[in-house]
Amino acid sequence: MSATRPSTISDVMVAAADLEDAEFERDRLAMAFGEAIRQALATGHTHVQIARAANLPEAEVRRLADVPPTGAEPVPDGLSFPTPRTSDAAV
């Protein structure tokens, strides 16, 4: 006799997967929005102008402008990547 999952557990699993998809899409859109903001800034628009156009607080526009571009790996604050060392004999 095989046990079947109760419908409510399946609903929870589907809802969790849907939420994960929505969070991924939100992150993707935030990166795209940040890129659009950076492009607008590069063409001479101010944070205030962009905030008005987006109907967002200026602080939110500044925060989104700092979101790394798509494909970029964020560097955690206070950490740096190790640099290759050359041996003293090679110098």
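Scroll up for the structure.
So, here is what we can say about the structure in this document. (Residues numbered from 1 in each chain as written. Predicted model: local features only at pLDDT ≥ 70, side-chain atom pairs only at ≥ 80, totals over all residues. Heavy atoms only, no water.)

Some remarks on the overall build of the protein
Then step 1. The helix and strand tally for the protein stands at three helices and zero strands.
Then step 2. When its helices and strands are written in sequence order, the protein yields α-α-α.
Then step 3. In the protein, which comprises 91 residues, the proportion classed as buried is 12%.
Then step 4. Across the protein, contacts joining residues at least 24 apart in sequence account for 52% of those joining residues at least 6 apart.
Then step 5. Looking at the protein as shown, the accessible area adds up to about 7700 Å², and 59% of this sits on carbon and sulfur atoms. (Helix = DSSP H or I, 4+ residues; strand = E, 2+ residues; numbered from the N terminus. Buried < 20%, exposed > 50% of the residue type's maximum accessible area, 1.4 Å probe, protein only. Contact = heavy atoms within 4.5 Å. Areas by Shrake-Rupley, 256 points an atom, 1.4 Å probe, with all protein chains shown as cover.)

Remarks on the environment of Ile37
Then step 1. Structurally, Ile37 is set in helix 1 (residues 7-42).
Then step 2. Considered as a pair, Ile37 and Arg62 are 25 residues apart in the sequence and their alpha carbons are 8.7 Å apart.
Then step 3. Excluding anything up to four places from it in sequence, Ile37 contacts Ile50, Val61, Leu64 and Ala65.

A few points about the nonpolar core
Then step 1. Core analysis: the largest hydrophobic core is formed by eight residues, namely Ala30, Ile37, Ala40, Ile50, Ala51, Val61, Leu64 and Ala65.
Then step 2. Listed by contribution, the elements that provide at least two residues to this core are helix 1, helix 2 (47-54) and helix 3 (58-65). (Core = buried A, V, L, I, M, F, W, Y, C linked by side-chain atoms within 4.5 Å.)

Some points on unusual backbone geometry
Most peptide bonds adopt trans geometry, and most residues besides glycine take a negative phi value.
Then step 1. Of note in the backbone geometry, Asn55 takes a positive phi value of approximately 55° without being a glycine.
Then step 2. Tracing the backbone shows Asn55 in the loop between helix 2 and helix 3.
Then step 3. Accessibility expressed as a relative area gives 69% for Asn55, which makes it exposed.

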